[in-house]
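Chain by chain, the residues:
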Amino acid sequence: MDLRGWDQRYRSGERPAQDLAAAPTPLLIETAQRLLPGKALDLACGAGRNALWLAERGWRVTAVDGAPAAIEILLQRARARGLHVDAHVADLEKGEYLIEPSAWDLIVMSYYLQRSLFEPAMRGLVPGGILVAIVHIAGPGEKPTSTRLEPGALVRYFAGWEILHSYEGEPADPAHQRLVAEIVARRPTASRPPA
């Protein structure tokens, strides 16, 4: 689905009802609870289930999504909770949001696949920073697509990084039904960023 389609889903009320009821991604909760709050970047944030959860726990959160209606909903939800989230409307596929290098303690890419985004996201972490990525993968008999990786592909993006969690299979997130690949990876502290 393109950004106009996503924006229409948020505006029509079809998507927000699902997103507003959804809890934060379980893998993000499990990971972030072990970290000291710092600067977090939530890419393709939707209506903000992960961004708001992080902000409630003291993280300084920047959230980016290409659907203006999703960002409007996120900001309304943040105001209602007395939270600050730095939210941006940007088409990530067109490079409308520049990920600042070595700036983020935590970057989240939850249920969004853009292969060209892995490298700038990895460079965006401070040394020792954590990237949490969850993507859909092709199931048995299916071919990879623009929205699904082939099994085994996600971990290859993080060669040379400390892999804190890697999983492929059924999602732990009840908001999703398709097979997933998950990774939590730490940027090395004593090496250069990815090329």
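Located above this text is the structure these notes cover.
Reading the values: the criteria
Residues numbered from 1 in each chain as written. Predicted model: local features only at pLDDT ≥ 70, side-chain atom pairs only at ≥ 80, totals over all residues. Heavy atoms only, no water. Buried < 20%, exposed > 50% of the residue type's maximum accessible area, 1.4 Å probe, protein only. Helix = DSSP H or I, 4+ residues; strand = E, 2+ residues; numbered from the N terminus. Pairing = 2+ DSSP bridges. Salt bridge = Lys/Arg side-chain N within 4 Å of Asp/Glu carboxyl O. Contact = heavy atoms within 4.5 Å. Expected span 1.5 Å × (residues − 1).

**Description of the pairing of strand S4 (residues 104-110)**
Logical step 1: With six of seven residues buried, S4 is to be regarded as a mostly interior element.
Logical step 2: Across four bridges, the pairing between strand S1 (residues 39-43) and S4 is parallel. In the strand pairing of S4, Leu41 is matched with Ile107.
Logical step 3: Two elements, S4 and strand S5 (residues 125-137), share six bridges in a ladder whose sense is parallel.

**What to know about the pattern of salt bridges**
Logical step 1: Scanning all chains against the criterion turns up nine salt bridges.
Logical step 2: The salt bridge partner of Arg57 is Glu56, with a shortest N-O separation of 3.2 Å.
Logical step 3: For Arg57, a relative accessible area of 40% gives the class partly exposed.
Logical step 4: Because the salt bridges share partners, they merge into one network encompassing Glu56, Arg57 and Arg81.

**Remarks on the environment of Leu27**
Logical step 1: Its place among the elements puts Leu27 in helix H3 (residues 26-32).
Logical step 2: Sequence separation of Leu27 and Val184 is 157 residues, and the distance between their C-alpha atoms is 8.5 Å.
Logical step 3: Sequence-distant contacts of Leu27, defined by excluding residues within four places in its chain, comprise Val132, Ile134, His165, Glu182, Ile183 and Val184.

**Regarding helix H5 (residues 68-81)**
Every α-helix winds through 3.6 residues per turn, so residues three or four apart in the chain are directed the same way.
Logical step 1: For H5, with 14 residues, the first-to-last C-alpha span of 20 Å sits near the 20 Å given by 1.5 Å per residue.
Logical step 2: Within H5, burial applies to Ala69, Ala70, Ile71, Ile73, Leu74, Arg77 and Ala78.
Logical step 3: One or two positions beyond H5, positive phi appears at Gly82, with a value near 70 degrees.

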